[in-house]
Amino acid sequence: MKRVHFIAIILFGLINPLMANPVIKDSTEAYQYWAQRGIIEIVHAHMSDYINTVGVAKSTEENVTRKDYKLKFINNINGDTLSNLSDISQFLKTNKWGGVERNLLQPLIINLQNKHPLDADFFEVKNPETNQLVTDITGQNNERINWNKKKVEILDGYKKELINLANLKNVSAENLYTFDDDPKLFVSTKQSLILLLIFICGGIIGGWIVFYFSKRRIYSILEEERVYYLDYPPLKTEKSIFHYITLFHVLKRRKDSYKNHSRTLKNQMDNMELENQKLKDKLENKL
């Protein structure tokens, strides 16, 4: 069981980078992403601070819907796309958080639409009537622990994104104007030896393949002759690295022997025919 857990942890570690923030191409996309993400997370942080300040006993329903909010909008926030802010608005209005939707979410959406700089002031929404921060809970000592922590995380993430984009832009510019006027065509002695060794090994392997398959092919063609000539004395006495070449040599000698024998027989037959013709002529003369 421990092994299964260990494998699961490794797989999660490999998959987790793939679930990271979506690829951001420029500063405009970076602003849009981190501002929208910041609004989603900062609302949840305020909900958590409110419940911690008021107490769970006095905000049972709010605590339940806060958990639903986290499950629906926060747990998968590192995915490819962020939740739509209109969905956030609808959730808050129908789940005991109408004041947060009206006094906090809507002003933050206006900041986003107006391209308000994404800094500490972006999230500091004030009540226009009292000039008091909306996140300050009337009659309560709200330390805004979750709020401050999340605000720092969002701003740090945004700054790192801008730094990464700047670095990528610099690297791209350097690569654009970098020319290789001195291509490295020199091959070191070690590389030469390696190439020579590869060439020799390739030649040996290639030669062995040719030898093996040609030998098999020749033996398959001369199957009967090979069995017969295995006990042929010249084949035993003649030594060769390639045994099938010796077999061809013996076959050639046998072929020449048969050719000479055939020639001798033909000459003998020709002589006999000539003598028969002479005898035939003599008999005809006597008659």
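Here the structure is a predicted model, which is why all the values come from computation and not from measurement.

Caption draft 1: Summary view of the overall build of the protein. For the protein, the count of helices and strands is 11 helices and 0 strands. Counting from the amino terminus, helix and strand elements in the protein follow one another as α-α-α-α-α-α-α-α-α-α-α. Here the protein, with 287 residues, has 28% of them falling under the buried criterion. Long-range pairs, those at least 24 residues apart, make up 63% of the contacts in the protein between residues at least 6 apart in sequence. On the protein, roughly 21400 Å² of surface is accessible, and the fraction owed to carbon and sulfur atoms is 58%.

Caption draft 2: Representation of the layout of surface pockets in the model. By volume, the largest pocket amounts to about 400 Å³. Residue lining of the largest pocket: 22 residues in total, with His46, Gly99, Asn103, Val134 and Asp136 positioned closest to the centre. Going through the elements one at a time, α2 (27–54) and α5 (98–113) are the ones with two or more residues in the lining of the largest pocket. Broken down by class, the residue content of the lining of the largest pocket amounts to 9 nonpolar, 8 polar and 5 charged.

Caption draft 3: The arrangement of the packing of α2 against α5 in detail. In the contact formed by α2 and α5, the axes pass within 10 Å of each other and the chain directions differ by 165°. In this view, α2 runs roughly antiparallel relative to α5, as classed from their interaxial angle. Both α2 and α5 take part in a crossing whose hand is right-handed. Every residue of α5 that contacts α2 at Tyr31, Gln32, Ala35, Ile39, Ile42, Val43 and His46 is listed here: Val100, Leu104, Leu105, Leu108, Ile109, Asn111 and Leu112.

Caption draft 4: How the structure looks around the environment of Lys115. Mapped onto the elements of the fold, Lys115 is located in the loop between α5 and α6 (120–123). In the structure, Lys115 is positioned 84 residues away from Tyr31 in sequence and 8.6 Å away in space, judged by C-alpha atoms. Not counting chain neighbours up to four residues away, the residues in contact with Lys115 comprise Tyr31 and Gln32.

Caption draft 5: Just the pattern of salt bridges, in detail. Inspection of every chain in the model, using the stated rule, returns 7 salt bridges. The closest approach of N and O atoms between Glu41 and Arg37, which form a salt bridge, is 2.7 Å. Here Glu41 pairs with Arg37, and both are found in helix α2, just 4 residues apart, close to one helical turn. For the pair Glu41 and Arg37, one class covers both residues: buried. The partner of Arg144 in a salt bridge is Glu124, with the nearest N and O atoms 3.4 Å apart. Here the residue Arg144 occupies a position in the loop between α6 and α7 (145–176), and Glu124 occupies one in the loop between α6 and α7, the gap between them amounting to 20 residues.

Caption draft 6: Representation of helix α3 (residues 60–74). For α3, spanning 15 residues, the distance from its first C-alpha to its last is 20 Å, which sits close to the expected 21 Å at 1.5 Å a residue. Listing the buried residues of α3 in full gives Glu62, Asn63, Thr65, Arg66, Tyr69, Phe73 and Ile74. All buried residues of α3 lie within an arc of 165° about the axis, which places them on one face of the element. In α3, those exposed residues whose orientation departs by more than 90 degrees from the buried face are Lys67, Leu71 and Lys72.

Caption draft 7: Just the environment of His116, in detail. Its location among the elements puts His116 in the loop between α5 and α6. Residues contacting His116, with those up to four places away along its chain left out, are Tyr31, Asn111, Asp121 and Phe122.

Thresholds applied
- Residues numbered from 1 in each chain as written.
- Predicted model: local features only at pLDDT ≥ 70, side-chain atom pairs only at ≥ 80, totals over all residues.
- Heavy atoms only, no water.
- Helix = DSSP H or I, 4+ residues; strand = E, 2+ residues; numbered from the N terminus.
- Buried < 20%, exposed > 50% of the residue type's maximum accessible area, 1.4 Å probe, protein only.
- Contact = heavy atoms within 4.5 Å.
- Areas by Shrake-Rupley, 256 points an atom, 1.4 Å probe, with all protein chains shown as cover.
- 1 Å grid on protein atoms, 1.4 Å probe; cavity = no way out; pocket = protein on both sides within 12 Å on 5 of 7 lines; lining within 4 Å.
- Points joined across faces, edges and corners; volume = space filled by probe spheres on them.
- Nonpolar A, V, L, I, M, F, W, Y, C, P; charged D, E, K, R; others polar.
- Axes fitted to C-alpha atoms, helices over the stretch in contact; angles between N-to-C directions.
- Parallel < 35°, antiparallel > 145°, perpendicular 65-115°, else oblique.
- Left-handed = near helix turned anticlockwise from the far one by under 90°.
- Salt bridge = Lys/Arg side-chain N within 4 Å of Asp/Glu carboxyl O.
- Expected span 1.5 Å × (residues − 1).
- Arc of directions from axis to C-beta.

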